[in-house]
Amino acid sequence: MSIYQATPWSFTIEFDESKARDHGYDINELYDCVDKNVQRYGLTRLSRGTWKANENDRVESQCLALSLLSKQEWVMKNIAALTAFENSTEPIDYVNIVKELFPERIYA
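Residues numbered from 1 in each chain as written. Predicted model: local features only at pLDDT ≥ 70, side-chain atom pairs only at ≥ 80, totals over all residues. Heavy atoms only, no water.

Participant: Is there a simple way to think about the pairing of strand S1 (residues 10-15) in this case?
Facilitator: In the case of a regular strand, side chains alternate between the two sheet surfaces. Of all 6 residues making up S1, 5 are buried, and the element is well covered by its neighbours. Note that S1 and strand S4 (residues 79-85) share 6 bridges and pair antiparallel. From the neighbouring strand, threonine 12 faces S4, where its bridge partner is threonine 83. (Buried < 20%, exposed > 50% of the residue type's maximum accessible area, 1.4 Å probe, protein only. Helix = DSSP H or I, 4+ residues; strand = E, 2+ residues; numbered from the N terminus. Pairing = 2+ DSSP bridges.)

What follows is the structure, encoded as structure tokens:
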């Protein structure tokens, strides 16, 4: 577990190495690609799979980043977990939210 997982206004994504390999992806490249995609919203990478929201606009930056990622097939086909933290350090299972609201984004 990352020391940053309990940081308010952050999220941690974990890719499944087996799924990534089966889909022809290098897992480190997936994390780097997430980083490139969420930088547009001002998020800061804290560790391999953890990003902290933009301090100037935490809610919007994190919500936009999570929404963007959940729409990407390369993310959703290779994901093991996506956990977000808002004001508190209570974990939010973002994959379950996507399953409930946008089941078409979930790949078996």
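Participant: Got a minute to help me understand a nonpolar patch on the surface in this structure?
Facilitator: Judged by side-chain polarity, Ile97, Leu101 and Phe102 come together as a nonpolar surface patch covering roughly 250 Å² of accessible area. Within the secondary structure, phenylalanine 102 sits in the segment after helix H5 (94-101). Residue class for phenylalanine 102 comes out partly exposed when judged on its relative accessible area of 33%. (Patch = residues over 30% accessible without salt bridge, like charges linked within 9 Å, V, L, I, M, F, W, Y side chains within 5 Å. Areas by Shrake-Rupley, 256 points an atom, 1.4 Å probe, with all protein chains shown as cover. Salt bridge = Lys/Arg side-chain N within 4 Å of Asp/Glu carboxyl O.)

Participant: Quick question: what am I supposed to make of helix H3 (residues 58-70) here?
Facilitator: Owing to its 3.6 residues per turn, the α-helix aligns residues three or four sequence positions apart on the same side. The end-to-end C-alpha distance of H3 is 18 Å, a good match for the 18 Å that 13 residues give at a rise of 1.5 Å each. Along H3, the positions that sit buried rather than exposed are Ser61, Gln62, Ala65, Leu66, Leu68, Leu69 and Ser70. Those residues of H3 hidden inside the fold are in contact with S1, helix H2 (27-38), helix H4 (73-76), S4 and H5. (Expected span 1.5 Å × (residues − 1). Contact = heavy atoms within 4.5 Å.)

Participant: What am I meant to see in the packing of aromatic side chains here?
Facilitator: Aromatic ring pairs: the centre-centre distance and the angle between the two ring planes describe each pair. What the rule picks out here adds up to 2 aromatic pairs. Here the aromatic rings of phenylalanine 11 and tryptophan 51 are separated by 5.6 Å at their centres, their planes lie at 20°, and the arrangement is stacked. Residue phenylalanine 11 is found in strand S1, and its partner tryptophan 51 is found in strand S3 (residues 50-52); the two are separated by 40 residues along the sequence. Using a relative accessible area of 0% as the deciding quantity, one classes phenylalanine 11 as buried. With a relative accessible area of 0%, tryptophan 51 lands in the buried category. Positioned over the ring face of phenylalanine 102 is arginine 105, at 3.9 Å from the centre of the ring. (Phe/Tyr/Trp six-rings, centres within 6.5 Å; stacked < 30°, edge-to-face > 60°. Lys NZ or Arg CZ within 6 Å of the ring centre and 35° of its normal.)

Participant: I would appreciate a short explanation of the side chain of aspartate 35 in the present structure.
Facilitator: In this fold, aspartate 35 is placed in helix H2. Look at aspartate 35: it is buried, it has no salt bridge, and the nearest opposite charge is arginine 45 at 4.0 Å. Among the polar contacts listed, one links the side chain of aspartate 35 to the side chain of tryptophan 51, at a separation of 2.8 Å. Apart from the residues lying within four places of it in its own chain, the contact partners of aspartate 35 are Arg45 and Trp51. (Lys, Arg positive; Asp, Glu negative; His and termini not counted. Polar contact = N/O pair within 3.5 Å; in protein donor to acceptor, adjacent residues only side chain to side chain.)

Participant: Help me out: how do you make sense of the pattern of salt bridges in this one?
Facilitator: Two side chains that carry opposite charge are able to pair once their charged atoms sit near each other. Enumeration according to the criterion identifies 3 salt bridges in this entry. Across the salt bridge formed by lysine 52 and glutamate 55, the nearest N and O atoms sit 2.9 Å from each other. Overall, glutamate 55 belongs to the partly exposed group, its relative accessible area being 49%. Residues lysine 77 and glutamate 73 are paired through a salt bridge, measuring 2.9 Å at the closest nitrogen-oxygen approach. Assessed through its relative accessible area of 41%, glutamate 73 is described here as partly exposed.

Participant: Before we go on, may I ask you to explain the pairing of strand S2 (residues 44-47) in this structure?
Facilitator: Here S2 runs beside S3; their pairing, made up of 3 bridges, is antiparallel. When the sheet's bridge partners are listed, serine 47 is paired in S3 with threonine 50. Hairpin connection of S2 to S3: 2 residues between the antiparallel strands.

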